[in-house]
Amino acid sequence: MNRLKKIFCALFCSAAVLAGGVSVSAESEFKVYDYADILSDSEEAALEDKLWDIADTYGHDVIVYTTYSMDGEDAEDFNEQLRYELDAGINGSGIIYLVSMEYRDYDIYSFGEMYSSIFINSVRDDMAEELVPYLSSGDYYGAFDRYADMVRAEIENVSEYGPNEESSFAIPIGIGCGLIIGIITVLIMKHGMKTTRAEAMANKYIREGSFKLTNSRDIFLYSQVTRTKRPSDSGSSSSSGGGHSSGKF
């Protein structure tokens with residue numbers, strides 16, 4: 001990673017702010033942070049230009065961040081911290097593709113408008129799934145380049161056809177299919193039991209003289225246990241105004 005260039009640029013921007021009182025909008029300083037050093041300088045430069053073009057054109061922050069280790073942190077928590085450490089988000093909207101090499105973790109985190117109307121859970125999950133084979137094969141630049149293309153395409157799709165929304169039919173359809181299968185199963189079982197006839201007593205099933213009761217006692221077969229769920233300390237991904245698609249590669 002060409003870190004020296006980025007460090008000098010960051011120092012220059014900081015000096016400009018202090019000297020002239022220049023106001024800097026809430027947006028990441030760079031778009032590619034390759035701290036795992038898995039990209040060549042030319043790949044990093046090309047990707048940086050591509051992500052900057054998307055951010056400037058559509059007004060959403062688009063970031064790639066690689067690291068060797070997350071120091072034992074969860075990928076989702078680590079990525080949420082990056083949002084604030086990098087000052088990411090144009091008008092509070094952005095997406096960060098995190099890749100950690102130590103245990104081969106990844107996380108795609110969308111927030112703000114990027115989460116609410118563009119990279120909703122289902123869309124983001126589909127993107128993450130498509131990118132995993134690139135990471136698994138070691139084609140990291142291919143994964144990030146394809147990520148950039150998919151981000152651009154999805155933003156344009158939403159711009160033309162309107163915001164993405166989670167399907168409201170998935171749960172009812174699943175319940176309906178389950179009921180249909182259950183009804184069919186019960187009908188088949190009922191049809192196979194037509195030869196049987198209910199009896200008030202069980203005497204017909206006992207061979208005469210084979211059963212002798214020598215002892216009797218009461219045994220409780222059922223008991224009722226009430227449990228109270230203990231509140232969890234961990235918050236959901238939606239509490240931070242965003243969503244995650246994470247896993248291993």
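Residues numbered from 1 in each chain as written. Predicted model: local features only at pLDDT ≥ 70, side-chain atom pairs only at ≥ 80, totals over all residues. Heavy atoms only, no water.

### Some details on the pattern of salt bridges
- Throughout the structure, instances matching the rule amount to seven salt bridges.
- With a closest N to O distance of 3.1 Å, Glu27 and Lys31 form a salt bridge. Here the two residues Glu27 and Lys31 agree in accessibility, since each one is buried.
- Notably, a salt bridge pairs Asp61 with Lys31, separated by 2.3 Å at the nearest N-O pair. Here Asp61, found in strand β2 (residues 61–67), pairs with Lys31, found in the loop between α1 (3–20) and β1 (32–34); they are 30 residues apart in sequence, far enough to count as distant.
- A residue is classified by how much of its surface remains accessible, and Asp61, at 0% relative accessible area, is buried.
- For Lys31, a relative accessible area of 0% puts it in the buried group.
- Connected via shared salt-bridge partners are Glu27, Lys31 and Asp61. (Salt bridge = Lys/Arg side-chain N within 4 Å of Asp/Glu carboxyl O. Buried < 20%, exposed > 50% of the residue type's maximum accessible area, 1.4 Å probe, protein only. Helix = DSSP H or I, 4+ residues; strand = E, 2+ residues; numbered from the N terminus.)

### Thoughts on helix α3 (residues 75–85)
- For α3, the set of buried residues is Ala75, Phe78, Asn79, Glu80, Leu82 and Arg83.
- As for α3, its buried residues are in contact with β2, β3 (94–100), β4 (105–111) and β5 (242–248).
- Where α3 begins, the side chain of Asp74 points an oxygen toward the backbone nitrogen of Glu76, at a separation of 2.9 Å.
- Two residues or fewer after α3 comes Asp87, characterised by a positive phi angle close to 55°. (Contact = heavy atoms within 4.5 Å. Polar contact = N/O pair within 3.5 Å; in protein donor to acceptor, adjacent residues only side chain to side chain.)

### Here we look at the confidence of the model for the protein chain
- Scored by pLDDT, the protein chain comes out at a mean of 78, with 60% of its residues at no less than 70.
- In this model, residues 3–25 is a region of pLDDT below 50 whose contacts with residues beyond four sequence positions or in other chains number 17 contacts.
- Long-range and interchain partners of residues 169–173, a stretch whose pLDDT sits below 50, account for zero contacts in this model, where long-range means more than four residues apart. (pLDDT = per-residue confidence, 0-100.)

### Here we look at the packing of helix α5 (residues 121–136) against helix α6 (residues 140–161)
- Relative orientation of the contacting elements α5 and α6 amounts to 155°, with a least axis distance of 8 Å. Between α5 and α6, the angle falls in the class roughly antiparallel. Note on packing geometry: the crossing formed by α5 with α6 is right-handed. Contacts from Val123, Met127, Glu130, Leu131, Tyr134 and Leu135 of α5 reach α6 at Tyr140, Gly142, Ala143, Arg146, Tyr147, Met150, Val151 and Glu154.
- The residue makeup of the contact of α5 with α6, split by class, is 10 nonpolar, one polar and three charged. (Axes fitted to C-alpha atoms, helices over the stretch in contact; angles between N-to-C directions. Parallel < 35°, antiparallel > 145°, perpendicular 65-115°, else oblique. Left-handed = near helix turned anticlockwise from the far one by under 90°. Nonpolar A, V, L, I, M, F, W, Y, C, P; charged D, E, K, R; others polar.)

### Notes on the pairing of β2
- Among the seven residues that make up β2, seven are buried, leaving the element largely enclosed by the rest of the structure.
- Taking every second residue as pointing to the same face, both faces of β2 are buried, with Asp61, Ile63, Tyr65 and Thr67 on one and Val62, Val64 and Thr66 on the other.
- Alignment of β1 against β2, held across three bridges, turns out to be parallel. Residue Tyr33 lies in a different strand from β2, and its bridge partner there is Tyr65.
- The handedness of the β1 to β2 crossover, carried by helix α2 (residues 41–58), is left-handed. (Pairing = 2+ DSSP bridges. Right-handed = clockwise from strand over helix to strand, strands pointing away.)

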